[in-house]
Amino acid sequence: MTLRPPTATIRTQVALPLRFADGFATDVRVFSFDGLVDGREHLAFALGDRSAPLSVGGRRAVPLVRPHSECLTGDVFGSQRCDCGAQLREAVERIGDAGGYVLYLRQEGRGIGLYSKLEAYALQEAGVDTYEANLALGHREDERSYVAAAQMLHALGVSEIALLSNNPDKARQLRSCGVTIVEQVPTGVHVSAANIRYLETKARRGDHMLDLSLPA
Ligand SMILES: [Zn+2]
């Protein structure tokens, strides 16, 4: 069933020059919004040909879009317990080439929050997996909603996207909010000794499309 979410509007848009820890630099346009259903401060980063100011008319190619859930430890501090930082860095470069958006969603720890995520890590050190740990803490396995992401796309005038994600739940939820997924583009797999168990669990329990063969 498709249910178009309440209308959100663009609150601010401003150019932002980015430089990542590895030296990769790019110019983006960042958008904030009014009217997002969960009241959180989600951001859209427009990259490549989408980083020009929004103008009326002139059809452009279907944008490549990655909804990326905030991960303070991975995105900012480079934690190797997950692949979030590597995935964000990859998304910024690939979407810059293709033209599109990173939707930076403030739903840390699959929606359970930063402190709870750290508690889940502590439980994982005792041997339970990432999904079981969330359940043990009284949360659901994955509490993320992509309704606000769909609202942001609608506010940006985007109704059709190529989705950069391995996560079938993102595609399902966005479709149910009236976003047409023209194509689902898999992300790279960023395996390390510290995150291999986490990635195996995502593939098994979250139905993520991951090829976890370690590089030769
Ligand atoms: Zn992470």
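Residues numbered from 1 in each chain as written. Predicted model: local features only at pLDDT ≥ 70, side-chain atom pairs only at ≥ 80, totals over all residues. Heavy atoms only, no water.

Attention now goes to the pattern of salt bridges. Taken as a whole and assessed by the stated rule, the structure comprises nine salt bridges. Among the ionic pairs, Asp34 bridges to Arg11, the shortest N-O distance being 3.7 Å. In this pair, Asp34 sits in strand E2 (residues 25–34) while Arg11 sits in strand E1 (residues 9–19), placing the two residues 23 residues apart along the sequence. What makes Asp34 partly exposed here is its relative accessible area of 36%. (Salt bridge = Lys/Arg side-chain N within 4 Å of Asp/Glu carboxyl O. Helix = DSSP H or I, 4+ residues; strand = E, 2+ residues; numbered from the N terminus. Buried < 20%, exposed > 50% of the residue type's maximum accessible area, 1.4 Å probe, protein only.)

Let us now look at the coordination of the zinc ion. Those protein atoms acting as donors to the zinc ion are Cys71 (SG), Cys82 (SG) and Cys84 (SG), and they sit at 2.1 to 2.3 Å. Between consecutive donors of the zinc ion, the numbers of intervening residues give the motif C-x10-C-x1-C. Of this pair, Cys71 sits in the loop between strand E4 (64–69) and helix H1 (72–76) while Cys84 sits in helix H2 (residues 84–98), and the two are 13 residues apart along the sequence. (Donors = N, O, S within 2.8 Å, 3.2 Å for Na, K, Ca; no water.)

For Glu90, the position within the fold is in helix H2. Excluding anything up to four places from it in sequence, Glu90 contacts Thr187, Gly188 and His190. (Contact = heavy atoms within 4.5 Å.)

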